[in-house]
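Structure at a glance
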Amino acid sequence: MNTNAFLLVIAGATLHAIWNLCAKKASGGLPFVWLYGVVSIVVALPFGVMAWCSHAGQLTTTAWIAIVASAFVHVGYSLILQKGYQKSDFSLVYPLARGTGPLFAVGGAVLLLGETPSLTGYLGIAAILAGILLLAGIGDLARSNPQTRRAGLLWGCLTGLSIAAYTLIDGWAVKTLGLAPVLYYVLGLGLRTLILAPQALHARQELHEQWQTNGRYIVAVGILSPLSFTLALFAMTLAPLAYVAPLRELSMLLGVVFAAWLLREALTPGRIIGTLCMILGAALLAGA
């Protein structure tokens, strides 16, 4: 795997874990999602304008189809993730969301995009996915609260499905269509904000309350979320999607540590073994 792609994915994964922790602490629903989208637009707009000036000729009809499709899937992803954080534990929803995502995405990359990982790549993918299952605490689910467990499994898996969908769309956009990652992302981000605007602006009191209560988290997610995602998009231009998608899940290493340290959630032996599996998988992918 290309060294630059590897470093981009690792940096993006670190930022991803941090912004998800902020999103869990806020658990603010649609108003929170729309507000951090507005922050993201403000931060990303200058880069989007520069990208437009350089790459506007790339915006064919097919490119706009990819942008619109990605925007709608990302809206669904953001709302589903917030619902999961409202209904269940971070240490259950986050690993399941990030774990089921690459399971679907890798299969889709192989079936739809024609990518064929090497043997080392497959071993790395298998090690990371095994680590994901252990980090998700599969062996400890019987001892958790049944209602919380069911909610976590439902919303975590639905989030994973949406992650797989937008990963495939975005990989197609930047690899097959050759769209500039920054232009593609900023246009999609703007469209997402417009899609949610009518419902968000209808509840202005909730927007005000969210800003008063979770302003620091809104700003943090608004900056870190697009930055982590843009790094992943650039990585997709340098390495196969079937490698990038699972490697991004190293964010769970930090996520589980944050859950234990900051949210006082359990760090079980199974999750420690899962962490070792994730490290092994990352090493295999880096050398693939």
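No experiment lies behind these values; they were computed from the predicted model shown.

Let's talk about the overall build of the chain
Secondary structure summary: the chain contains 11 helices and 0 strands in total. In sequence order, the secondary structure elements of the chain are arranged as α-α-α-α-α-α-α-α-α-α-α. Against the compact-globule benchmark of 19 Å for 288 residues, the chain has a radius of gyration of 18 Å, which places it among compact chains. Overall, the C-alpha framework of the chain stretches about 50 × 50 × 25 Å when taken along its three principal axes.

Comments concerning the packing of helix α2 (residues 29–55) against helix α8 (residues 204–236)
Any two packed helices are characterised by the angle at which their axes cross and by the distance between the axes. Interaxial distance between α2 and α8 falls to 7 Å at its minimum, and their mutual angle equals 50°. When the axes of α2 and α8 are compared, the pair comes out oblique. In terms of crossing hand, the pair formed by α2 and α8 is right-handed. Residues Pro31, Phe32, Trp34, Leu35, Tyr36, Val39, Ser40 and Val43 of α2 touch α8, and the partners they reach there are Glu206, Leu207, Gln210, Trp211, Asn214, Tyr217, Ile218, Val219, Val221, Gly222, Ile223 and Pro226. For the contact of α2 with α8, the per-class residue count stands at 15 nonpolar, 4 polar and 1 charged.

Focus: the side chain of Asp170
Relative to the helices and strands, Asp170 is located in helix α6 (residues 146–176). A distance of 2.9 Å separates polar atoms of two side chains, one belonging to Asp170 and the other to Ser70. Non-local contacts of Asp170, meaning those with residues more than four positions away in its chain, are made with Ser70, His74, Tyr184, Phe229, Leu233 and Met236.

Considerations on unusual backbone geometry
The phi dihedral of Ser27 falls on the positive side, at around 45°, and the residue is not glycine. Considering the arrangement of structural elements, one finds Ser27 in the loop between α1 (3–26) and α2.

So, the packing of aromatic side chains
Under the criterion given, the structure shown has 6 aromatic pairs. Look at Phe32 and Tyr36: their rings are 5.4 Å apart centre to centre, the planes differ by 70°, and that puts the pair in the edge-to-face class. Here Phe32 pairs with Tyr36, and both are found in helix α2, just 4 residues apart, close to one helical turn. Across the pair, Tyr36 and Phe32 agree in class, each one buried. Here Tyr85 and Phe90 contribute two aromatic rings whose centre-to-centre distance is 5.6 Å and whose plane-to-plane angle is 40°, an arrangement assigned as tilted. Owing to a relative accessible area of 1%, Tyr85 belongs among the buried residues under this scheme. A residue is classified by how much of its surface remains accessible, and Phe90, at 0% relative accessible area, is buried. It is Arg216 that lies over the ring of Tyr217; its NZ or CZ is 4.5 Å from the centre.

Topic: the nonpolar core
Met1, Phe32, Tyr184 and Leu247 are the most contacted members of the largest nonpolar core, which totals 77 residues. The greatest single-element share of this core, amounting to 10 residues, is contributed by α8. With near-sequence residues (within four places) excluded, Leu247 lies in contact with Met1, Phe6, Val9, Ile128, Ala282 and Leu285.

Let's talk about α8
With 33 residues, α8 extends only 38 Å from end C-alpha to end C-alpha; this falls clearly short of the ideal 48 Å at 1.5 Å per step. Largest kink in α8: about 90°, centred on Asn214.

A word on a nonpolar patch on the surface
On the surface, a cluster of nonpolar side chains totalling about 310 Å² of accessible area is made up of Val43, Trp211, Val219 and Ile223. With 3 residues, α8 is the largest single contributor of residues to the nonpolar patch. In this structure, Ile223 sits in helix α8.

A word on the side chain of Ser162
In this fold, Ser162 is placed in helix α6. Relative accessible area serves as the criterion here: at 9%, Ser162 is assigned to the buried category.

A closer look at the state of the cysteines
Within the structure shown, the criterion is met by 0 disulfides. The structure places no disulfide on Cys157, whose sulfur is separated from the nearest cysteine sulfur, that of Cys277, by 20 Å. Under the relative-accessibility criterion, Cys157 is labelled partly exposed at 32%.

Quick look at the packing of α2 against helix α7 (residues 181–202)
The interhelical angle for the contact between α2 and α7, taken along N-to-C directions, is 145°, at an axis separation of 7 Å. Of the two possible hands of crossing, α2 and α7 adopt the one that is left-handed. Residues belonging to the contact of α2 with α7 are distributed by class as follows: 18 nonpolar, 7 polar and no charged.

Focus: the environment of Gly29
As for its position among the elements, Gly29 is in helix α2. Separated by 169 residues in sequence, Gly29 and Pro198 place their C-alpha atoms 15 Å apart. Apart from residues no more than four positions distant in its own chain, Gly29 is found in contact with Gln82 and Gln86.

What counts, and at which threshold
Every residue gets a number counted from 1 within its own chain, in the order that chain's sequence is written. Only residues with pLDDT of 70 or above have their local features reported here, since the model is predicted, and side-chain atom pairs are shown and tallied only from 80 upward, although totals for entire chains, interfaces and linings are computed over all residues. Just so you know, side-chain values use all the structure's heavy atoms and leave hydrogens and water out. Each helix is a run of H or I in the DSSP string that is no shorter than four residues. Each strand is a run of E no shorter than two, and both are numbered from the N terminus. Each radius of gyration is computed over the set of C-alpha atoms, and the globule rule expresses the reference value as 2.2 Å times the number of residues to the power 0.38. Axes here refer to lines fitted to C-alpha atoms; in helices the fit is confined to the stretch in contact. Angles between the N-to-C directions go from 0 to 180 degrees. Each angle is binned into one of four classes, with values under 35 degrees roughly parallel, values over 145 roughly antiparallel, values of 65 to 115 roughly perpendicular, and all other values oblique. Crossing handedness is defined as follows: a turn of the near helix away from the far one that is anticlockwise and smaller than a right angle gives a left-handed crossing, while the clockwise case is right-handed. Here, two residues are considered to be in contact whenever any of their heavy atoms come within 4.5 Å of each other. Side-chain classes are defined by residue name, with Ala, Val, Leu, Ile, Met, Phe, Trp, Tyr, Cys and Pro counting as nonpolar, Asp, Glu, Lys and Arg as charged, and the others, Gly among them, as polar. In protein, a polar contact means a hydrogen-donor-capable atom and an acceptor-capable atom, both N or O and within 3.5 Å, with residues adjacent in sequence counting only if both atoms are side-chain atoms; elsewhere, any N or O pair within 3.5 Å suffices. In this analysis, rings of Phe, Tyr and Trp, with Trp reduced to its six-membered ring, are considered paired at centre separations within 6.5 Å, and the interplanar angle assigns stacked below 30 degrees, edge-to-face beyond 60, and tilted for intermediate values. A 1.4 Å probe rolled over the protein chains alone gives each residue an accessible area, and that area as a share of the maximum for its type sets the label: buried under 20%, exposed over 50%, partly exposed in between. Only lysine NZ and arginine CZ atoms are considered, and such an atom sits over a ring when it is within 6 Å of the ring centre and within 35 degrees of the ring normal. In plain words, nonpolar cores are sets of buried Ala, Val, Leu, Ile, Met, Phe, Trp, Tyr and Cys residues tied together by side-chain atoms within 4.5 Å. Each residue after the first adds 1.5 Å to the expected span of a helix. Fitting axes to the seven residues that end at a residue and to the seven that start at it, the angle between those axes gives the bend at that residue. Patch rule: a residue counts if its relative accessible area is over 30% and it has no salt bridge; like charges are joined within 9 Å, and nonpolar side chains (Val, Leu, Ile, Met, Phe, Trp, Tyr) within 5 Å. A 1.4 Å probe and the Shrake-Rupley method give the accessible areas. Residues count as covered only by the protein chains that appear here. Salt bridges are defined as contacts in which a side-chain nitrogen from Lys or Arg sits within 4 Å of a carboxyl oxygen from Asp or Glu. Cysteine sulfurs are considered disulfide-paired once they come within 2.5 Å of each other.

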